[in-house]
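# Structural overview for review
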Amino acid sequence: MVMYNPKQWFSLIFHAYSRRVMRTLMPALIFMAVYTSITCYIFIDYLELHKSEFQPTVSMHSLLGIVLGLFLVFRTNTAYDRWWEGRRLWGGMVNSTRNFALKISAYISKENHEERDWFFKMISNFVFAAKESLRGGVQFAELDPPPDESLINDLKKYKHKPNRIAALMYQKVNELYIQKKLSGDHLINLDKELKDFIDILGACERIKYTPIPYSYMMYVKKFIFIYIITLPFGFVTQSGYMTIPIVVLVSFVLLSVELIAEEIEDPFGRDINDLPLDELAGKIRDNVREILL
């Protein structure tokens, strides 16, 4: 995620991200510039339409622009809502892991280093496994298995790694309860936090695996395409060859809005504007280490 100062206008205007967007959109902008140039040549130099009584108008595009603007506002708002919901969920993950670690720290004596270390590693492992599960797989090198268990080999048997790690923590808490190291009240309190882990991950998976409806996405892209592909016809007789920069600029604005929406609608990836899950997971590991060790 890009960190920035919203008060520094010039640094935002000339930020390197703008160049990245330009590189992404450059093929489409070059196509529109060539297409508009050919259209201008045919209408102005070949057909000499600007001398005829028939004059195209931009009125149609003005009306369509209002409708397209409403579509794009809804499009970007929907994408941002998904991004912000993902951030809220990972904020909840930070809080739940802290609460769980604080309760474990209070319930298990400080002399019991083995079990405190086990929970520290497993809480951290759950977060890192959840992070990579949302990205399509788990990087075992990021995990920190307890010394007394072959955690990595065990996880390889399961498709959903975070579920298995959560199940192991449930089993461990139940063992401590059976061994009378935890009371029934402790068990109930810890169950809430463990449940939150799975609830938060499930909500993230809902965002990840529920895309914006196909028909809506398809028609937004069609409307943008139709709008910019017909835009030269509205300006060519009035603006002449100045139609070329006008069309390229409008295309850049509309396509950039759609590109931004595409980038943030899945907030758990590795795009420049996606959520900083690596930093959040590292922060959780540091917090839990400070609490339990």
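The structure displayed is predicted, hence computed values, not measured ones. (Residues numbered from 1 in each chain as written. Predicted model: local features only at pLDDT ≥ 70, side-chain atom pairs only at ≥ 80, totals over all residues. Heavy atoms only, no water.)

## A word on the overall build of the protein chain
Tallying secondary structure elements over the protein chain gives 10 helices and zero strands in all. For 293 residues, the compact-globule formula gives about 19 Å, and the C-alpha radius of gyration of the protein chain, at 27 Å, lies well above that figure. Its C-alpha atoms put the protein chain at 95 × 35 × 35 Å along the principal axes. Considering only contacts within the protein chain whose residues lie at least 6 apart along the sequence, 77% involve residues at least 24 apart. For the protein chain, the accessible surface area stands at approximately 16200 Å², while carbon and sulfur atoms represent 63% of it. Across the protein chain, 34 positive and 33 negative side-chain charges occur, with their mean positions spaced 1 Å apart. (Helix = DSSP H or I, 4+ residues; strand = E, 2+ residues; numbered from the N terminus. Rg over C-alpha atoms; globule rule 2.2 N^0.38 Å. Contact = heavy atoms within 4.5 Å. Areas by Shrake-Rupley, 256 points an atom, 1.4 Å probe, with all protein chains shown as cover. Lys, Arg positive; Asp, Glu negative; His and termini not counted. Charge placed at Lys NZ, Arg CZ, Asp CG, Glu CD.)

## Let's talk about the environment of Tyr-41
Looking at the element boundaries, Tyr-41 is found in helix H2 (residues 16–46). Expressed as a C-alpha distance, the spacing of Tyr-41 and Tyr-241, which sit 200 residues apart in the sequence, is 8.3 Å.

## With respect to the nonpolar core
Residues Trp-90, Phe-100, Phe-119, Met-169 and Leu-292 are the most contacted members of the largest nonpolar core, which totals 52 residues. Counting residues per element, the ones that place at least two in this core are helix H3 (59–107), helix H4 (113–133), helix H5 (151–155), helix H6 (161–178), helix H7 (184–209), helix H9 (243–264) and helix H10 (277–292). Leaving out residues up to four positions away in the same chain, Trp-90 has contacts with Val-127, Lys-131, Leu-134, Cys-204, Phe-268, Leu-277, Leu-280 and Ile-284. (Core = buried A, V, L, I, M, F, W, Y, C linked by side-chain atoms within 4.5 Å. Buried < 20%, exposed > 50% of the residue type's maximum accessible area, 1.4 Å probe, protein only.)

## Quick look at helix H8 (residues 214–239)
For H8, with 26 residues, the first-to-last C-alpha span of 37 Å sits near the 38 Å given by 1.5 Å per residue. The largest bend in H8 is about 35°, located at Thr-230, with the proline Pro-232 one to four residues further on. Note on H8: the residue one or two positions beyond its end, Gly-240, has a positive phi of about 60°. (Expected span 1.5 Å × (residues − 1). Bend = angle between axes of the 7 residues up to and from the residue.)

## Regarding the pattern of salt bridges
Applying the stated criterion across every chain yields a total of 19 salt bridges. A salt bridge links Lys-131 to Asp-278, with the shortest nitrogen-to-oxygen separation between them at 2.9 Å. Placement of Lys-131 in helix H4 and of Asp-278 in helix H10 is noted, with a sequence separation of 147 residues between them. Residue classification places Lys-131 among the buried positions, given a relative accessible area of 0%. We classify Asp-278 as partly exposed; its relative accessible area is 35%. A cluster of three or more residues bridged by salt bridges with shared partners is formed by Lys-131, Glu-132, Arg-135, Glu-142, Arg-270 and Asp-278. (Salt bridge = Lys/Arg side-chain N within 4 Å of Asp/Glu carboxyl O.)

## With respect to the side chain of Arg-135
Inspection of the secondary structure assignment puts Arg-135 in the loop between H4 and H5. A polar atom in the side chain of Arg-135 sits 3.1 Å from the backbone oxygen of Phe-268. Discounting chain neighbours no more than four positions away, the residues touching Arg-135 are Phe-268, Gly-269, Arg-270, Leu-275, Leu-277 and Asp-278. (Polar contact = N/O pair within 3.5 Å; in protein donor to acceptor, adjacent residues only side chain to side chain.)

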